[in-house]
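The lines below spell out each chain.
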Protein chains: 2
Amino acid sequence: MRIEIWSDVVCPWCYIGKRRLEQALATFPHRDEVEVLWRSFQLDPSAPEVPVETVAESLGRKYGGGTEAGRAMIDRVEAVAAEEGLLFRHHASLRVNTVDAHRVLHLALETGGPDLQGRLKEALLSAYFVETENVADHATLTRIATGVGLDSDRVEEVLAGREYAEAVQADIDHAVAFGAGGVPFYVVDRKYGVSGAQPAETFTQVLEKAWADLHPQLDLVGGPEGDACGPDGCAI
Amino acid sequence: MRIEIWSDVVCPWCYIGKRRLEQALATFPHRDEVEVLWRSFQLDPSAPEVPVETVAESLGRKYGGGTEAGRAMIDRVEAVAAEEGLLFRHHASLRVNTVDAHRVLHLALETGGPDLQGRLKEALLSAYFVETENVADHATLTRIATGVGLDSDRVEEVLAGREYAEAVQADIDHAVAFGAGGVPFYVVDRKYGVSGAQPAETFTQVLEKAWADLHPQLDLVGGPEGDACGPDGCAI
């Protein structure tokens, strides 16, 4: 089974949804047969590479009311995150571009498969939401990526150029084709979708559905028995 | 889409079922995307490599009444075959073992894919039911197999040894696992089963079901929208 998750590194509900999916997987009996792939999505492609403000400042500017109003908008999501054991300091997160983080996530998938990519995704989300790190900064990205096992030369090489930029855009186009208006957006075996950070029970439900689809009892079409031959002879 | 057909070379309903499936495929709009694979099944593994009687003689001996009674048992299937344009002389067919024919069918699949295997299956069924040929005889098998395009050296090499014997047995075990009590037995995309030579309409029905399954609309589980972030910000 394959779960593809369209997600952004700076998307709070994506991190919350990650914990809820992990809860569902922890009790799913066939979890060893589930592969999780992280697909790229950019919520704010116009965000700068070099940050000039926090998310709270940006929200206050965009919707009015200043930093305090922006911070109030973040309060609820921080409270929900806390329920999932995530101690966000999202009010202090920087508004930054994530294309480079996504390019390194593609490098991780290509060189180390879903396990390595999963470790990098977790590290990036934690760095951004808990440590308020600048996940657009190349030195920061290199440190985080090598910390989970990527090769530092390759990370630096990728960051210095435009490698995987097309793969990032292809992921985004794919999300749009699936009708995803936002993230997180989950696609299971290209058959089931889950839109948004749904409760763990919803993930359990979709895992069970997809598992049943992969382990079908044959559905006998046309009734149990047409004319046939068996060990005792042929229908006559 | 993949149709796997468990079948024996000496099974009259298998040949009749083959024509009925071909009828359904002829009018199926996506027939170019359907792959047909022939899986091995032996109705009579104790049948001799060197024939000693016809099928009519064998049936008359087994069920009583002699050759005439045996032949009468074959009459109906010959009449039904004629309705499908198949002019059987099955009353004169020899009771023979089919393991070698199945081994060559595996060789055909491995070396030439489903197309070559399909041509060989048709040629073997025609040889047995229409021409009353001995499909256990190595020279006959070699002639039939090379006639549809197999390499004669490889056919002779396979027939001289035991190559593909395990694959034949694995196919038979697989049929049992699917609950097939006889043949023909059809499995579509490992999801739908058709037991016996059902009418062409049944095959049309299963083709349409399987096609619909492969072209799903995403089924959104958990309602249309959980908390998410979009271009205009995050759910708060």
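Residues numbered from 1 in each chain as written. Chains lettered and ligands numbered in written order. Predicted model: local features only at pLDDT ≥ 70, side-chain atom pairs only at ≥ 80, totals over all residues. Heavy atoms only, no water.

Student: Could you give an account of the state of the cysteines, naming the residues involved and the relevant values?
Tutor: Residues and elements named next belong to chain A. Under the defined criterion, the tally for this structure stands at 4 disulfides over all chains. Note that C11 is cross-linked by a disulfide to C14, the S-S spacing being 2.3 Å. Handedness here is read from the sign of the S-S torsion; for C11 and C14, about 85°, the answer is right-handed. You can call C11 buried: its relative accessible area is 0%. Cysteine pairing in chain A follows 1-2, 3-4, where each cysteine in a disulfide is numbered by its order in the sequence. (Disulfide = S-S within 2.5 Å. Buried < 20%, exposed > 50% of the residue type's maximum accessible area, 1.4 Å probe, protein only.)

Student: Kindly report on the pattern of salt bridges, identifying the contributing residues and their values.
Tutor: Residues and elements named next belong to chain B. Within the structure shown, the criterion is met by 33 salt bridges over all chains. Between K18 and E22 there is a salt bridge, and its shortest N-O distance comes to 2.7 Å. Separated by 4 residues within a single helix, K18 and E22 lie in helix α1 (residues 12–26), roughly one turn from each other. With relative accessibility at 7%, the residue K18 sits in the buried group. (Salt bridge = Lys/Arg side-chain N within 4 Å of Asp/Glu carboxyl O. Helix = DSSP H or I, 4+ residues; strand = E, 2+ residues; numbered from the N terminus.)

Student: Could you give an account of the interface of chain A and chain B, naming the residues involved and the relevant values?
Tutor: In this complex, chain A contributes 48 residues to the contact, which on the side of chain B involves 49 residues. The three residues of chain A that bury the most area against chain B are A:L218, A:V221 and A:D227, which together make up 19% of that side's buried surface. The interface formed by chain A and chain B contains 2 salt bridges. Between B:R76 and A:D227 there is a salt bridge, and its shortest N-O distance comes to 3.2 Å. For the interface between chain A and chain B, the tally reads 13 residue pairs in polar contact (both at pLDDT 80 or more). (Contact = heavy atoms within 4.5 Å. Buried area = accessible area lost by both parts, 1.4 Å probe. Polar contact = N/O pair within 3.5 Å; in protein donor to acceptor, adjacent residues only side chain to side chain.)

Student: Pulling in residues and values, what's your account of the packing of aromatic side chains?
Tutor: Residues and elements named next belong to chain A. Applying the stated criterion across every chain yields a total of 14 aromatic pairs over all chains. Ring centres of Y15 and F88 lie 5.8 Å apart, and the angle between their planes is 20°; this geometry places the pair in the stacked category. Of the two residues, Y15 sits in helix α1 (residues 12–26) while F88 sits in the loop between α3 (66–83) and α4 (99–129), which places them 73 residues apart along the sequence. Across the pair, exposure class does not vary: Y15 and F88 are buried alike. Both rings, one in F88 and one in F129, keep their centres 4.6 Å apart while their planes meet at 20°; by these two values the pair is stacked. On the criterion of sequence distance, the pair formed by F88 in the loop between α3 and α4 and F129 in helix α4 is long-range, its members being 41 residues apart. The two residues F88 and F129 agree in class, both being buried. Aromatic ring contacts, followed pair by pair, group Y15, F88, Y128 and F129 into a single cluster. (Phe/Tyr/Trp six-rings, centres within 6.5 Å; stacked < 30°, edge-to-face > 60°.)

Student: Tell me about the relation of the copies chain A and chain B, and please be specific about residues and values.
Tutor: Overlay of chain A on chain B (RMSD 0.7 Å): rotation 178°, translation along the axis 0.4 Å. Read as a symmetry element, the transformation amounts to a two-fold axis. For chain A, the minimum C-alpha distance to the rotation axis belongs to A:D213 and amounts to 4.7 Å. Both copies contact each other with a shared surface, as 100% of the interface residues of chain A are interface residues in chain B too. (Least-squares fit on C-alpha atoms with pLDDT ≥ 70 in both.)

Everything listed here is a matter of coordinates, which is why it stays silent on function.
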